[in-house]
Amino acid sequence: MISVTGIGKEGGFMNIAHVLARKGGHVFTIQPRRTVREALEALARHNVGALVVVDEENRPVGILSERDIVRAAVRDERLFDRAVEELMTRDVITGSPEDDLRAVAHTMTERRIRHLPVVAAGRLVGIVSIGDVVKAQRDEYLGEVETLQMQIGEGRV
Amino acid sequence: MRPGSDAFPLRVAIIGAGPTGFYAAEHLLGQPAVVASVDLFDRLPTPYGLVRYGVAPDHQKIKSVTAVYDRTAAHPRFRFFGNVEFGRHVGLEELRAHYHQILFCTGAQTDRRLNIPGEDLPGSYPATEFVAWYNGHPDYVHCRFDLSAQAAAVVGVGNVAVDVTRVLLRSPEELARTDIADYALEALRESRVREVYLLGRRGPAQAAFTNPEIRELADLPGADVTALPEEVALDEVSRAELDRTQDRTTMRKVEILQELAARRPSGRPRRLVVRFLVSPVALLAGDGRVARMRLVRNRLEATPAGTLVARPTDRFEELTVGLVFRSVGYRGVPLPGVPFNEDWGVILNERGRVLDPGNREPIPGLYTAGWIKRGPTGVIGTNKPDAAETVAHMLEDAAAGRTLSPPEPDPAAAEALVRERQPAYFSWADWQRLNELEVQRGRAAGRPRVKFTSVEEMLAALGR
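Rules behind the numbers
- Residues numbered from 1 in each chain as written.
- Chains lettered and ligands numbered in written order.
- Predicted model: local features only at pLDDT ≥ 70, side-chain atom pairs only at ≥ 80, totals over all residues.
- Axes fitted to C-alpha atoms, helices over the stretch in contact; angles between N-to-C directions.
- Helix = DSSP H or I, 4+ residues; strand = E, 2+ residues; numbered from the N terminus.
- Parallel < 35°, antiparallel > 145°, perpendicular 65-115°, else oblique.
- Left-handed = near helix turned anticlockwise from the far one by under 90°.
- Contact = placed C-beta atoms within 7 Å.
- Domains from an automatic or database assignment.
- Nonpolar A, V, L, I, M, F, W, Y, C, P; charged D, E, K, R; others polar.
- Core = buried A, V, L, I, M, F, W, Y, C linked by C-beta atoms within 7 Å.
- Buried ≥ 20, exposed ≤ 12 C-beta atoms within 10 Å, placed from the backbone.

**Comments concerning the packing of helix α10 (residues 211–218) of chain B against helix α13 (residues 248–262) of chain B**
A pair of packed helices is captured by two measures, namely the crossing angle of their axes and the spacing between those axes.
All names here are of chain B.
At step 1: Contact pair α10 / α13: the axes reach a minimum separation of 10 Å and the direction vectors enclose 15 degrees. Between α10 and α13, the angle falls in the class roughly parallel. Like other packed secondary-structure pairs, α10 and α13 cross with a definite hand, here left-handed. Here N211, I214, R215 and A218 of α10 come into contact with α13, specifically with T249, R252, K253, I256, L257 and L260.

**Quick word on the interface of chain A and chain B**
Interfaces are often sized by the amount of accessible area the parts lose when they come together.
At step 1: Contact with chain A, which involves 48 residues of that partner, is made by 64 residues of chain B.
At step 2: Breaking the side of chain A that touches chain B down by element, the ones donating at least two residues are α1 (16–21), α5 (101–110) and α6 (130–151) of chain A.
At step 3: Ranked by the residues each element gives to the side of chain A that touches chain B, the list is headed by α6(A), at 9 residues.

**A word on unusual backbone geometry**
At step 1: One non-glycine residue, N58(A), lies in positive phi territory at about 65 degrees.
At step 2: Along the chain, the position of N58(A) falls in the loop between β2 (50–54) and β3 (60–65).
At step 3: The phi angle at L277(B) is positive, at roughly 60 degrees, despite the residue not being glycine.
At step 4: Its location among the elements puts L277(B) in the loop between β10 (270–275) and β11 (278–286).

**Some words on the domain arrangement of chain B**
Residues and elements named next belong to chain B.
At step 1: In terms of domains, chain B is made up of domain 1 (10–109 + 332–426) and domain 2 (112–329).
At step 2: For domain 1 and domain 2, the distance between their C-alpha centroids amounts to 33 Å.
At step 3: Of the residues belonging to the side of domain 1 that touches domain 2, the class tally is 5 nonpolar, 1 polar and 2 charged.

**Considering the packing of α5(A) against α6(A)**
Residue and element names in this part refer to chain A.
At step 1: Look at α5 against α6: their axes get within 10 Å of each other, and the N-to-C directions meet at 135 degrees. Judged on the interaxial angle alone, α6 and α5 are oblique. Crossing handedness for the pair α5 and α6: left-handed. Judged by residue contacts, L101, V104, A105 and M108 of α5 engage I130, V133, A136 and Q137 from α6.
At step 2: Class assignment of the residues belonging to the contact of α5 with α6 gives a composition of 7 nonpolar, 1 polar and no charged.

**What about the nonpolar core?**
Residues and elements named next belong to chain B.
At step 1: With 158 residues, the main nonpolar core has I14 and V154 as its most contacted residues.
At step 2: Per-element accounting of this core gives the leading share, 7 residues, to helix α7 (residues 159–169).
At step 3: Apart from residues no more than four positions distant in its own chain, I14 is found in contact with G21, A24, A25, V38, L40, F41, L103 and C105.

The following block contains the structure:
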């Protein structure tokens, strides 16, 4: 079978699944009883800004971001041996693969969320950063501009 | 020695000659500091992928993007190997013996299913099969669509659904001016379809079609287009979202649909009803084929991340339709020997680098771009930044010496392999001759072209 393209959006708007599809499925997680030192090592090693904190069944119970650690470090210089669960943000907003990119961009901007863990059927399937969202939106707009320019004869034809 | 010089070019095989394959070739061949040489493979003798076999025949202007691809093809270090299928004529190990890098741009080739009872009854078809058939795709020439029903339903409100709806509602005279396949034109001449329902599971503000697309439907000379006032009225959650986002394009879309709902029928021979907030739950048979569709009414609900999704209510209705086209999304198909990500229906990759499923590390020399990398989304041009991202990683890896080390990088050796495996391969010159013949046949009939629709016909046309 074959699918189709055109100036319109094919299957629908770009959604979170499309963003995760090219991220290789990496989700960096940590368990709540691990130390902040271990969390920092993981953040540095994987070059990411946040870890999803998961229970034994890999269900997200919180998120620990660089920002959480910075905030805590101001009050407590000896935070390295504390447990992740003491610092993590507990009320995590999660996304689903079907969430529209546009809606997610709004939610993340308005609620100042930098990382959105994505859950499908109760399972953590990925994490989307605000950088991922911005890049996907940029590619979407670039593509539309490219297509429209071509159609009004400004393409380098 | 690192490839990328005049004496030792970076040899790249691209699998799939659709828009993404051409954009990737353009980026690779346009590098000032790296000399690349590109062989573009396609399993069909003809290039352009979905621009030829997907874009609707009454959208010739969109098809004119091929002029951009032709410029790339004119590059002296570009070759086309059409009618050569990856995994059948050439395999991964053979490509590894001839190329430094291999890039997969094979698109999303299967339909998502509705997963409802009766989905496979006669009279229910994937919309994309119909699209490939009316566009003369060699694999679909032998499909048969029973167009004897009075009423049809098209499930989905994306671009494909809109294309199929338009083709069903156009008069034979309008279609005869396009490059639609001859057999499809004949079949559509006999079509008895007079009424089409276009079904969206969410509301008017969430419909994926663009404003120009819905206007084009509204302006069809042979069809009255309408919608139900209660379905195009904004519900509370959609209104709140529009107030928040101030998205003018979507506001205009809702206005257009509300104008359609207020229209009086003008007695045109065909009719389109655009429906919202409904999902099919079963196709019901009569005389062994689709006779009715059972629908559930939906309401919208916001997810925690802010998307408005459809949730079924306990209200149902039935439509009398004898023909159903399903268009609710697509999925990529795994390629032999290439890791696949089942979650998303794409090649397992990180920003275009194909990953080893074991350790999630990049596999040297293997890359992907386009719909088989990110899933089916965006317009044709979206594949250009997508291809650029992958090519940037290919060049970064090449500069770092992370390429394959093919024992036979000579372009002549690759051509010899292709010739041996598929003597009936098509070069770019072959395609250009075929193209001229198609355009010539079209000129006589006042059409953009008359397509050759089988590989045998194409070979015969070139005297092979």
